[in-house]
Amino acid sequence: MLQSSLEFDASGWHSDAVVHGVLHAARRADPGHYDELLQDTGQALRERWQRFFGLLGFDSLSGLDRRAAQIAQQIHRNGVTYNVYQPAGVSSTTGESGKRPWSLGVLPLLIEPADWQVIETGIAQRARLLEAMLADCYGPQRLLHEGLLPPALVLGHPSYLRALHGVEPAGGVRLHVLAFDIARGAGGEWSVVSQRSQAPSGLGYVLENRLIVSRQFPEAFRELRVEHVASSYRSLLDSLLGPASVIAAADGCATPRLALLTPGPYNETYFEQAYLARYLGLPLVEGGDLTVRDDRLYLKTVQGLEPVHGLLRRLDDIWCDPLELRADSALGVPGLLQVLRAGRLVMANALGAGFLESPGVLGFMPAIARQLLGEPLSLPALPSWWCGEEAAWQATRDELPERVIRPTYQGVRGRSFEPQIMATLAPAARDEWRERIEDEPDEFTLQRYQPFSQTPWWESGAFLPRTAMLRVYAIADGRGGYRVLPGGMTRIAARDPHVVSMQHGGASLDTWVLREGAVDTYSMLPQRLRPEEIAVHQRPVSSRTAENLFWMGRYTERTEQLVRLALATAALVDDDDDTPSAVLDAVSELVQRSGLAPAGVPSLTKSPRVFERSVVAALTDAGDHQSIAYNLAALDRVAGALRERLSPEHGRLVRAMVEDFHARVEIVASGAEDDAPAGTAPGLASDALRGALEHLASQLAAVTGAQSDRMTRDDGWRLLTVGRQAERLIAMSGTLRCFFEEGAVHSAHGFDLLLDLFDSSLTYRARYPGRQEALALLDLLVIDPANPRALGCVLRRLRTELAKLPGSADSVEGMLALLPPAGVGTTLVQLCRRAEPGQEAVVDDGLVVALADRLAEAGARLSDDVGRRYFALAGLHEQHLSV
């Protein structure tokens, strides 16, 4: 009994100490904001947070910095990013939107079971209402005729698609997934702020946040009985698979094919789209990957056209079909609306739902709920007034200081601007806004200002209050109702308590819904496959994916060749021996041909220092399409576009390689690791620069290993291999040509340098110790089918992989015909001058140069032909339509 009492007292002492430490480090929420952490008195934690901190152990506070650092490190390792669009008139140095790491706080937002019951019930009801509203607006339009919804607000919205009026969606469900932004008011009540009905974003970030944060607090996550989210994602898939199966059966397909449509890698949430696609097991496709034939949607793959029966889209309505919607859209699929009219595709969400996102709609929903559902809304929205309705504007115009002005048609028509909180503006600014509303009232919607609750954010040893907004998701259950994902994506303001936006530097939190009973432990692991389903689950290789893989192979090989050449040039510059002029001329020509130095720069024989400085300057010139920096950036870009296919480790290798090289080169440029006098440009042979290149070479070797040994041998991998080998054939042939054309190979220095550039020195020395013979050199670098750097081995690999690519026999034979039918198309004897009887054979440099030219041209022509056959898709209409 004494032991039990002592243990209980120790536990109580520990809990009290933790609470005291948290209270000491906590700052109260700003006046008027609900405090998620502290009770109203500010002297005690809310019960859910007492439980949370009580489960963290003795290092509750001291361990938060460590956990926050681990979260930041994990985000960096996983490459979790958010693309921030550049403001108008501001150009990015990379030509892309600004990509920044995803910001994730260490502490979750905690929601009590009673609160969640209110949210869940209200959100599910609102989802049903929006589905009914959308069905009416594209059907009988009773809401418009009876004045419950202003026709101008609906029919005047660019996202209302008249072309789809009267069209019944496949499966009968229009809204498969909905998002609602909700916030807690000063009294603790929850209200809807906005709703997303077109292509709600964030589901991928919800997953990533959960995986990262829950691992930091495993005991608290388990003991607090936090709801799991996997079953909601399964519901999303099921809502598509059911009707898609009907369409697939009509097409004679055993299993339906679904895909996730993305706007592309420059979209602000591209990471989470790729992450979600991988989690759901869907191919990630862009509009250019799809085509319409005979009122059916097809995926362009290297095998031909594959039917698509369901599409989870992340592309807004007006961009989806350039034939019938925005003609300038390069993101959509021409003819997509006709597929929907024909009922040959399940779309999540149905096109034309965008008008429901207008804040002007919110104010009419209470009356509509009573009409369509026969019940009042259980979860209110912030009171909203569409100024296009004269009575609404007149009723609230005098209360403008207490309102937020929102654009009625944000991003699609008329005025687009950030919501304006009138209480924060000067009287003169308010008068200007009042005049603008008077001029164009339908462009503006007013919403009552409500200070949102503030939740703890750990920073600099303190719990800082940050304004929070929660995005929750409703997912169709296939039975006419909706289930609400138990959690969501919490976003918090950066500094300004009035602005909750990721585009303005905000951050995110994991959202923990606490449960009183047993937790749903459903896993997304699928059920066992039937034998007839195995072939269908072989992932198709879209033409865009194939092209990215092909160029990934080329960029990897090209960068490796450039690094090896840069290191060889550095060694040459640093060499105190008298290097033959033929070798210097050969290297100078090769460096300029490869792009390591600009054309026309004086050669090593004429001005070695000018040449050296030109090479150093070109190493990091991202604007030069032949530089190391450019090719590294290009490799990083295609790896990002292939995020759903590459392993996380592979992606991390590429990102680390790019970051490390730039960091090391910056150190070199600053002179921090160089003994050169201040103001002197670093030399190519400097230890720091050579170290940067050697480190990059090692990382490239790791990337090559990942590509060779850690990727599935499908058609995509074969095209990656073909791209790499074609690039090697072109580069190695060019290297061989320069050394034989200039006669550099006949000196000991040139002979050894050529072996180094072919990465074959060890093999040659082991095979021919003490010999320097051009014939033996050609055998190893040109003829040998076992040396992976030999041209003969490269050609053998190309013939092997090309023969396995999909396509007709004539198509494959056409590509193979570009290459020699066997070996390199010649023999060692044929590369020698005719010798008189009894004389030794002598290599004919001119014949070697001619062979090198033929093989380089063959590599370039092969690359073009592969592109025409598999990427340009010019002949896809003649290929077999696979069903």
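It should be noted that the structure appears before, not after, this text.
Nothing here was measured: the structure is a model prediction, and the numbers come from that model.

A separate point is the overall build of the protein chain. Along the protein chain, the regular secondary structure elements total 28 helices and 22 strands. Considering the protein chain as a whole, with its 883 residues, one finds that 55% of them fall into the buried category. Across the protein chain, the fraction of contacts at a sequence separation of at least 24, relative to all contacts at a separation of at least 6, is 70%. When the accessible area of the protein chain is evaluated, it comes to approximately 37000 Å², of which 51% is carbon and sulfur surface.

With respect to the element layout, Gly505 can be found in the loop between strand 20 (489-492) and strand 21 (507-509). On the basis of relative accessible area, Gly505 is assigned to the partly exposed category, the value being 40%. In the structure, Gly505 is positioned 13 residues away from Ile492 in sequence and 9.4 Å away in space, judged by C-alpha atoms. With residues up to four places along the chain from it excluded, the contact list for Gly505 reads Arg100 and Ala494.

Let's shift gears to helix 16 (residues 543-574). Given a rise of 1.5 Å per residue, 32 residues ought to cover 46 Å, and the 46 Å separating the end C-alpha atoms of helix 16 matches this to within 8%. Burial runs high along helix 16: 25 of the 32 residues are buried.

Right, let's get into unusual backbone geometry. A cis amide bond links Ala348 to the next residue, Asn349, at an omega of -5 degrees. Among the structural elements, Asn349 can be located in the loop between strand 12 (346-348) and helix 12 (359-362). Backbone geometry places Asp294, a non-glycine residue, at a positive phi of 55 degrees. Residue classification places Asp294 among the exposed residues on the basis of a relative accessible area of 66%. Although it is not a glycine, Asp759 adopts a positive phi angle of roughly 55 degrees.

Moving on, we come to the side chain of Arg184. Relative to the helices and strands, Arg184 resides in strand 4 (residues 177-184). The class for Arg184 is buried, based on a relative accessible area of 2%.

It is worth spelling out the packing of aromatic side chains at this point. Under the counting rule described, the total for this entry stands at 25 aromatic pairs. Ring geometry for Trp49 and Phe52: centres 5.3 Å apart, planes at 80 degrees, overall edge-to-face. Taken together, the positions of Trp49 and Phe52, both in helix 2 (residues 47-54) and three residues apart, correspond to about one turn of that helix. Here Trp49 and Phe52 have matching classes, each one buried. The interplanar angle of 85 degrees and the centroid separation of 6.0 Å between the aromatic rings of Phe550 and Trp551 together place this pair among those described as edge-to-face.

Right, let's get into the pattern of salt bridges. In this structure the tally under the stated criterion is 49 salt bridges. Between Glu741 and Arg737 there is a salt bridge, with its nearest N and O atoms 2.7 Å apart. Of this pair, Glu741 and Arg737 both sit in helix 22 (residues 715-741), four residues apart, which is roughly one turn of that helix. Using a relative accessible area of 39% as the deciding quantity, one classes Glu741 as partly exposed.

Moving on, we get to the packing of helix 16 against helix 19 (residues 628-641). Orientation of helix 16 relative to helix 19, taken along the N-to-C sense of each, is 155 degrees, at an axis distance of 9 Å. With respect to helix 19, the element helix 16 is oriented roughly antiparallel. Once helix 16 is placed against helix 19, the crossing between them reads as left-handed. Taken together, the residues of helix 19 that come into contact with helix 16 (itself represented by Arg544, Asn548, Met552, Tyr555, Thr556, Arg558, Thr559, Leu562, Val563 and Ala566) are Ile628, Asn631, Leu632, Ala634, Leu635, Val638, Ala639 and Ala641. Classifying every residue of the contact of helix 16 with helix 19 gives twelve nonpolar, four polar and two charged.

What counts, and where the lines are drawn
Residues numbered from 1 in each chain as written. Predicted model: local features only at pLDDT ≥ 70, side-chain atom pairs only at ≥ 80, totals over all residues. Heavy atoms only, no water. Helix = DSSP H or I, 4+ residues; strand = E, 2+ residues; numbered from the N terminus. Buried < 20%, exposed > 50% of the residue type's maximum accessible area, 1.4 Å probe, protein only. Contact = heavy atoms within 4.5 Å. Areas by Shrake-Rupley, 256 points an atom, 1.4 Å probe, with all protein chains shown as cover. Expected span 1.5 Å × (residues − 1). Phe/Tyr/Trp six-rings, centres within 6.5 Å; stacked < 30°, edge-to-face > 60°. Salt bridge = Lys/Arg side-chain N within 4 Å of Asp/Glu carboxyl O. Axes fitted to C-alpha atoms, helices over the stretch in contact; angles between N-to-C directions. Parallel < 35°, antiparallel > 145°, perpendicular 65-115°, else oblique. Left-handed = near helix turned anticlockwise from the far one by under 90°. Nonpolar A, V, L, I, M, F, W, Y, C, P; charged D, E, K, R; others polar.

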